[in-house]
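# Geometric and topological summary
Take a look at the letters that make up each chain.
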Amino acid sequence: MMKKLYIILILVLGCELAFAGNPDRQGEAGASELLLNPWARSAGLHGLSTSFISGVESMRFNVAGLGRIKGTEFLFGNTRLYEGSGLGMNAFGFATNVGKSGAMGLSITSMDFGDVPITTVDQPEGIGGNINAAFFHIGAGYSYTYANKISVGALVRVISESLTDVSALGAAIDAGVQYVTGEKENFKLGVSLRNVGTPMRFSGEGLSFQTSNPEGPGRYLITVGQRAQRFELPSVLNIGSSYDIYISEESFVRAAANFTSNAFSRDNIGVGAEVHFSDFLVLRGAYKYDIGSIPGDATNNIYTGLAAGISLNIPIKRDSHQKVGIDYAYRTTSPFRGTHNIGVKLNI
């Protein structure tokens, strides 16, 4: 078992040396919605749950945690992004055990851009219609747990971005590992690599236009097509750990720390804590900081700062794992007035 842990740590260090954050490339990646979190439980911790996240939400941060559920889980999420901007996200996912040690899951996430009027050079106030934007991605993942100590998982995600007359399609792979040890499985370690995939490029009729023929006799219209530049996906490496301090047989405090290496922006670190009251009530909070950031700099991560959340788990049947969970999270943002996450989870 220790040999496996050493291998994991070696892989982590190797990935970090080759994956250091690069703020000079900030803004060069696309499909930034892959970095947004539609799930309330992990949002309340600023996503610092790489080491212990489980179920449907694990397909966002560390797919290795997919198998750490009992039975089947359904999850619905709604996010009001950057309060005042009109942006939002909606998500649905399910996860279920497969065999004795495996689990599989599926998640679907879509962006809501609100009403964005179509404008032209001649009609800057709008032509009476709204832009039809459809940004969504679908992920399918699998996780396997060895002796309830080491979990490994992989996920394939398809990304689609389209407007009325242009679109882009891409695919990405996520992979992760979680390690659990301790008398009560107190200590947890997690590593995940996300959004590693194919470059994307927009194409479609919207990139063509008509103009007068600059050469040859006479003047007539020709159609000119433009090629859009390819863009990379926002790859991310997460390394996290956590430790549970038991207050009573069923209540405990979980302290967590996480490091994130971003391929196209600054790296960040964060610390957080959860207080579990017999699994009926969970309170959580976290703080995240961009390494090397300058106060007031426009290039800072919008989510640098505080996050907090609460969960209620209501049993459907006495002495059963079947429960309904209600989750809420708030994250401070600069600018705007924060982001709100609401989720409903069903375990059967």
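Residues numbered from 1 in each chain as written. Predicted model: local features only at pLDDT ≥ 70, side-chain atom pairs only at ≥ 80, totals over all residues. Heavy atoms only, no water.

Here the focus is the overall build of the protein chain. When helices and strands are tallied, the protein chain shows 3 helices and 16 strands. Every one of the 348 residues in the protein chain was classed for burial, and the buried ones make up 43%. Taking as baseline every contact in the protein chain between residues at least 6 positions apart, the subset at least 24 positions apart corresponds to 59%. Looking at the protein chain as shown, the accessible area adds up to about 17,700 Å², and 61% of this sits on carbon and sulfur atoms. (Helix = DSSP H or I, 4+ residues; strand = E, 2+ residues; numbered from the N terminus. Buried < 20%, exposed > 50% of the residue type's maximum accessible area, 1.4 Å probe, protein only. Contact = heavy atoms within 4.5 Å. Areas by Shrake-Rupley, 256 points an atom, 1.4 Å probe, with all protein chains shown as cover.)

The subject of this paragraph is the confidence of the model for the protein chain. Mean pLDDT for the protein chain: 87, with 89% of residues reaching 70 or above. By mean pLDDT, the top-scoring element of the protein chain is helix 2 (residues 40–43) (97), and the lowest-scoring one is helix 1 (residues 2–18) (45). (pLDDT = per-residue confidence, 0-100.)

Our next topic: the pairing of strand 9 (residues 221–225). The element strand 9 is largely exposed, with a buried count of 0 among its 5 residues. With 5 bridges joining them, strand 8 (residues 208–212) and strand 9 adopt antiparallel strand pairing. Within strand 9, the residue paired with Thr211 across the bridge is Ile222. (Pairing = 2+ DSSP bridges.)

Let us look at a nonpolar patch on the surface. There is a patch of nonpolar side chains on the surface, built from Ile269, Val271, Tyr287, Tyr289, Ile291 and Leu306 and spanning about 540 Å² of accessible area. Among the structural elements, Tyr289 can be located in strand 13 (residues 281–290). (Patch = residues over 30% accessible without salt bridge, like charges linked within 9 Å, V, L, I, M, F, W, Y side chains within 5 Å. Salt bridge = Lys/Arg side-chain N within 4 Å of Asp/Glu carboxyl O.)

This part is about the side chain of Arg284. Inspection of the secondary structure puts Arg284 in strand 13. You can call Arg284 buried: its relative accessible area is 8%. Within the structure, the side chain of Arg284 is placed 2.9 Å from the side chain of Glu274, a separation counted as a polar contact. Residues in contact with Arg284, not counting those within four places in the same chain, are Arg41, Gly44, Leu45, Ala273, Glu274, Ala308, Gly309, Ile310 and Ser311. (Polar contact = N/O pair within 3.5 Å; in protein donor to acceptor, adjacent residues only side chain to side chain.)

So, on to the pattern of salt bridges. In total, this model carries 10 salt bridges according to the counting rule given. Residue Lys188 pairs with Asp244 through a salt bridge whose shortest N-O separation is 3.1 Å. Note that Lys188 is positioned in strand 7 (residues 187–197) and Asp244 in strand 10 (residues 236–246), a separation of 56 residues in sequence. Taking the relative accessible area as the measure of exposure, Asp244 reaches 2% and is therefore buried. Look at the salt bridges and you will find they share partners, linking Lys188, Asp244, Arg254, Glu274 and Arg284 into a network.

Let us look at the packing of aromatic side chains. Applying the stated criterion to the full structure yields 8 aromatic pairs. Seen from their ring centres, Tyr82 and Tyr303 are 5.9 Å apart, and the 40° between their planes marks the pair as tilted. Taken together, the positions of Tyr82 in the loop between strand 1 (72–81) and strand 2 (87–98) and Tyr303 in the loop between strand 13 and strand 14 (305–315) put the pair 221 residues apart, joining distant regions of the chain. Take Tyr82: its relative accessible area is 13%, and that puts it in the buried class. You can call Tyr303 buried: its relative accessible area is 7%. Both rings, one in Tyr144 and one in Tyr146, keep their centres 4.9 Å apart while their planes meet at 70°; by these two values the pair is edge-to-face. By relative accessible area, which is 34% here, Tyr144 ends up partly exposed. Put simply, the rings of Tyr82, Tyr303 and Phe336 touch in pairs and so form one group of aromatic residues. Directly above the ring of Phe52 sits Arg254, whose terminal nitrogen or CZ lies 4.5 Å from the centroid. (Phe/Tyr/Trp six-rings, centres within 6.5 Å; stacked < 30°, edge-to-face > 60°. Lys NZ or Arg CZ within 6 Å of the ring centre and 35° of its normal.)

Along the chain, Thr119 falls in the loop between strand 3 (102–112) and strand 4 (134–146). When neighbours within four sequence positions are excluded, Thr119 is seen to be in contact with Pro124, Glu125 and Gly126.

Our focus in this paragraph is unusual backbone geometry. For the bond running from Ser334 to Pro335, omega is 10°, close enough to zero to count as cis. Assignment of secondary structure puts Pro335 in the loop between strand 15 (323–331) and strand 16 (339–347). Even without being a glycine, Asn195 presents a positive backbone phi close to 60°. Take Asn195: it is sitting in strand 7. With relative accessibility at 0%, the residue Asn195 sits in the buried group. Of note, the phi angle at Phe336 is positive, near 75°, even though the residue is not glycine. Tracing the chain through its elements places Phe336 in the loop between strand 15 and strand 16.

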